[in-house]
Amino acid sequence: MTRLAAEGLSAGYGQTPILRDLTLKVPTGAITAIVGANACGKSTLLRCMSRLLRPSAGRVVLDGRPVQGIPTRALARELGMLPQSPIAPDGITVADLVSHGRHPHQGPLSRWTAADDAAVATALEATRIVDLADRDVDQLSGGQRQRVWIAMALAQETDVLLLDEPTTFLDIAHQVEILDLLVDLNQSRGTTIVMVLHDLNLAARYADHLIAVRAGRVHAAGHPDTVLTEDTVRQVFGVACRILPDPTSGRPMMLPLGRHRTTADPSHRKDAP
Amino acid sequence: MMAAGAPRAAVVALRRRRRGRVATLAGVGAMLALACVLSVSLGTRSVGWADIGAGLLGRTDTMAQAVVAVRVPRTLLACLAGAALGLAGAVMQGITRNPLADPGILGVNAGAAMAVVIGIAWFGMATLSAFIWTAILGAGAAACFVYVIGSLGPGGATPLKMALAGAATTIATSSFTVAILLPRNDIAGGVRSWQVGGVGGAAFDAMLPCLPVLAAGLVLCLMSARGLNLLAMGDDAAAGLGAGIARTRALAALGAVLLCGATTAICGPIGFVGLVVPHLCRLLVGVDHRWLLPFSALTGAILLILSDVAGRIVARPSEMDVGIVTAFLGAPVFIWIVRRRRVRDL
Ligand SMILES: Nc1ncnc2c1ncn2[C@@H]1O[C@H](COP(=O)(O)OP(=O)(O)OP(=O)(O)O)[C@@H](O)[C@H]1O
Ligand SMILES: [Mg+2]
């Protein structure tokens, strides 16, 4: 079952094509992770899917309707998008920024309601930033700021949530926490989640569906078990690797192999200085 | 998650913030009333309370009462012009995401002034409503011109490029205005005193045709408050939250141009109010445009009224035009803003 899909999508900036005849289906109610090398077009793909960028050919379909034809505000109630590097307005507080997530739910003249308060409060609690509510966003650490942006996307309460690298800037504890939070959201509300991740192991563990993008095309898509293979990693990232089963989840786990330190290290002995 | 009955910590924090702003609003309103009283009672000639009361009722029996009768429309004009410029400045800073945006710095007032001078010199324009519409046209043309020039090249419309394009446009239009006036001794004197920017010659019937334009500008600007909040997060995030980017920008810009054009038509170009006021208000109420815009209007009115009063007092027995006073106040603030921000941002 698919609500969101891209059909023969081509897009770019100016003359250079970035996405080339890309087709994909986002499984509804599941977590999809998009992986790929830098500059392969992941952000461009997300921007097309959220209608921020008009494709030069093909289309993005939400519930059978091309997204280009859906009014902006109506689309924003269905589909939320967290860009890769959003700008926090100078001097805005955490509470105010997160409150912006309620915008698509408010009419031009309607007042702020208790439901809006509740949605904002839930988002602040879920991302554990209640204590930061009165702080200025530009005075936060990169990781705290990232959680504020995620809280804003949560306050939007959309059925589909697109996140471009939600775990950048986060330490490992917060990366795991954010991903757990997204799984909670997916399980409790059935939110369809599409996220760009750079950590292949976390992607394989947390995603139900993995899409590997290479040079503006879908190189492989499917269950992480079938997508995260030594061949795929070599073709998509140009890196040799070993794939082992993750001892906790059973999902594939990738160990990259560089040019150095690929054999057992002789200094790694108990009697070494 | 907590029970529905107990107010959650996060909700309490949200509500506390709103209450603080309402208190500040009351304070600013009181200051505006005080500024109006000062403006009516202070000046080159001081008047007593009895005269003020009588003058407000329209009596002009004594000299002092006549002075009050002149100061009342003057105060009202300073109030309207200050509110319009403060609001327009806040809106322009929002549209362009540029802390240096101001109707003066972006060349909008100068464009309006040039259009009016061309109208007077070349087309013999004489009616007030013609002044107003010509000024609006000039303001709109200058705004578009500066935006296009400032967006050229890599990086789009960065604050510094916009400020430079605006400064260049101001210089160009001002020199052009001077060139037009040079051979025209018949109109030069009147135009020059208007060009400094002042509220001295205010009269109720001269303000009347401006009111509908100012009202339209006010409504357009206040309606775009939420859209401006979203624009502040960058176009992508704003569109993702359901903002119509182009429409928000166009409507808000139209509102600002109406305000600047109408104000310039009656008072001449008054600079720096639109720059100083929004920055001051951000310190008071934060960056939410639903609060920032009304506060900027109120504070702009206060600032212009007080500047006008100051201009009357410092240069006794003569008067200093309000445009000069605001320039004195605004220039240091401009430097402060530029210094406060990291160079990367500009
Ligand atoms: N606004 C833009 N204007 C012009 N070119 C752009 C723009 N944004 C991206 N590009 C180009 O499009 C290509 C793909 O960019 P995109 O942001 O989609 O990559 P990405 O896969 O998200 O990379 P990363 O992992 O580094 O985020 C890059 O070559 C980039 O230079
Ligand atoms: Mg990217």
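Residues numbered from 1 in each chain as written. Chains lettered and ligands numbered in written order. Predicted model: local features only at pLDDT ≥ 70, side-chain atom pairs only at ≥ 80, totals over all residues. Heavy atoms only, no water.

(A) Molecular detail of the site of ligand 1. Residues and elements named next belong to chain A. Of all residues adjacent to ligand 1, which total 13 residues, the nearest are Asn 38, Ala 39, Lys 42, Ser 43 and Thr 44. At 2.5 Å, a side-chain N or O of Thr 44 approaches an oxygen atom of ligand 1. It is helix H1 (residues 42–49) that provides the largest number of residues to the shell around ligand 1, a total of 3 residues. Grouping the constituent residues of the shell around ligand 1 by class yields 5 nonpolar, 6 polar and 2 charged. (Near = heavy atom within 4 Å. Polar contact = N/O pair within 3.5 Å; in protein donor to acceptor, adjacent residues only side chain to side chain. Helix = DSSP H or I, 4+ residues; strand = E, 2+ residues; numbered from the N terminus. Nonpolar A, V, L, I, M, F, W, Y, C, P; charged D, E, K, R; others polar.)

(B) Region of the structure containing the packing of aromatic side chains. Residues and elements named next belong to chain B. Within the structure shown, the criterion is met by 1 aromatic pair over all chains. Relative to Phe 176, the ring of Trp 122 has its centre 6.5 Å away and its plane inclined at 85°; by these criteria the two rings are edge-to-face. Here Trp 122 is found in helix H4 (residues 108–123), whereas its partner Phe 176 is found in helix H6 (residues 159–181), with 54 residues between them in sequence. On the basis of relative accessibility, which here comes to 38%, the residue Phe 176 falls in the partly exposed class. (Phe/Tyr/Trp six-rings, centres within 6.5 Å; stacked < 30°, edge-to-face > 60°. Buried < 20%, exposed > 50% of the residue type's maximum accessible area, 1.4 Å probe, protein only.)

(C) Geometry of helix H5 (residues 142–155) of chain A. Residues and elements named next belong to chain A. End to end, H5 covers 20 Å across 14 residues, agreeing with the expected 20 Å (1.5 Å per residue, within 8%). Residues of H5 that are buried: Gly 143, Gln 146, Arg 147, Val 148, Trp 149, Ile 150, Ala 151, Met 152, Ala 153, Leu 154 and Ala 155. Those residues of H5 that are buried are in contact with strand S6 (79–82), helix H3 (94–99), helix H4 (114–126), strand S7 (160–164) and helix H6 (172–189). Looking at the residues trailing H5, positive phi occurs at Glu 157, about 50°. (Expected span 1.5 Å × (residues − 1). Contact = heavy atoms within 4.5 Å.)

(D) Region of interest: the interface of chain B and chain A. Facing 28 residues of chain B, the contacting portion of chain A comprises 39 residues. In terms of surface lost to chain A, no three residues of chain B exceed Arg 226, Met 233 and Leu 241 of chain B, which account for 22% of the buried area on that side. Put simply, chain B and chain A have 1 salt bridge between them. For Arg 47 of chain A, the salt bridge identified is with Asp 236 of chain B, shortest N-O distance 2.9 Å. Broken down by secondary-structure element, the contributors of at least two residues to the side of chain B that touches chain A are helix H1 (9–41), helix H10 (225–231) and helix H11 (235–240) of chain B. The residue inventory of the side of chain B that touches chain A, partitioned by class, reads 14 nonpolar, 4 polar and 10 charged. (Buried area = accessible area lost by both parts, 1.4 Å probe. Salt bridge = Lys/Arg side-chain N within 4 Å of Asp/Glu carboxyl O.)

(E) Up close: the coordination of the magnesium ion (ligand 2). Residue and element names in this part refer to chain A. Protein coordination of the magnesium ion (ligand 2) is provided by Ser 43 (OG) and Gln 84 (OE1), with donor distances spanning 1.9 to 2.2 Å. Within this pair, whereas Ser 43 is found in helix H1, its partner Gln 84 is found in the loop between S6 and H3, the two being separated by 41 residues in sequence. Take Gln 84: its relative accessible area is 34%, and that puts it in the partly exposed class. (Donors = N, O, S within 2.8 Å, 3.2 Å for Na, K, Ca; no water.)

(F) Region of interest: the sheet that holds strand S1 (residues 2–13) of chain A. All names here are of chain A. Strand order in the open sheet formed by 4 strands is S2-S1-S4-S5, with antiparallel pairing between adjacent strands. Looking at which strands have only one partner, the edges of the open sheet turn out to be strand S2 (16–27) and strand S5 (65–66). For S1 and strand S4 (residues 57–62), the ladder comprises 5 bridges, and the chain directions are antiparallel. Bridging from a neighbouring strand, Glu 7 pairs with Arg 59 of S4. Relative to S2, H1 is tilted by about 65°, and along the sheet it contacts S1, S2 and S4. (Pairing = 2+ DSSP bridges. Axes fitted to C-alpha atoms, helices over the stretch in contact; angles between N-to-C directions.)

(G) Spotlight on the pairing of strand S12 (residues 252–257) of chain A. Residue and element names in this part refer to chain A. Here strand S11 (residues 240–245) runs beside S12; their pairing, made up of 6 bridges, is antiparallel. Following the sheet pairing, Cys 241 is matched in S12 by Pro 256. Here S11 folds back onto S12 in antiparallel fashion, the turn holding 6 residues, of which Gly 250 has a positive phi close to 80°.

(H) How the structure looks around unusual backbone geometry. All names here are of chain A. Phi is positive for Glu 165, which is not a glycine, with a value near 50°. One can find Glu 165 in the loop between S7 and H6. The exposure class assigned to Glu 165 is buried, which follows from its relative accessible area of 8%. Positive phi values are uncommon outside glycine, yet Phe 169 reaches one of about 75°. Along the chain, the position of Phe 169 falls in the loop between S7 and H6. Residue Phe 169 is classed as exposed on the basis of its relative accessible area of 66%.

(I) Highlighting the packing of helix H9 (residues 210–223) of chain B against helix H12 (residues 245–267) of chain B. All names here are of chain B. Contact geometry for H9 and H12: axes closest at 8 Å, N-to-C directions at 150°. Classified by the interaxial angle, the pair formed by H9 and H12 is roughly antiparallel. Note that H9 runs across H12; the crossing there is left-handed. Counting all contacts with H9, which are made through Cys 210, Val 213, Leu 214, Ala 216, Gly 217, Leu 218, Leu 220 and Cys 221, the residues of H12 involved are Leu 251, Ala 252, Leu 254, Gly 255, Ala 256, Leu 258, Leu 259, Ala 262, Thr 263 and Ile 266. Residues belonging to the contact of H9 with H12 are distributed by class as follows: 15 nonpolar, 3 polar and no charged. (Parallel < 35°, antiparallel > 145°, perpendicular 65-115°, else oblique. Left-handed = near helix turned anticlockwise from the far one by under 90°.)

(J) Inspection of a nonpolar patch on the surface at higher detail. Taken together, Phe 145, Val 148, Ile 149 and Leu 152 of chain B make up a surface patch of nonpolar side chains, about 370 Å² in accessible area. Within the element layout of this structure, Ile 149 of chain B appears in helix H5 (residues 128–151). (Patch = residues over 30% accessible without salt bridge, like charges linked within 9 Å, V, L, I, M, F, W, Y side chains within 5 Å. Areas by Shrake-Rupley, 256 points an atom, 1.4 Å probe, with all protein chains shown as cover.)

(K) Main features of the pairing of S7 of chain A. Residue and element names in this part refer to chain A. With 5 of 5 residues buried, S7 lies mostly within the body of the structure. Going residue by residue along S7, you find Val 160, Leu 162 and Asp 164 tucked away on one face and Leu 161 and Leu 163 tucked away on the opposite face as well. When S6 meets S7, the two strands line up parallel, connected through 4 bridges. Opposite Gly 80, over in S7, you have Leu 161 as the bridge partner. In terms of strand pairing, S7 meets strand S8 (residues 192–196) through 5 bridges, oriented parallel. Within the sheet, the bridge partner assigned to Leu 161 lies in S8 and is Ile 193.

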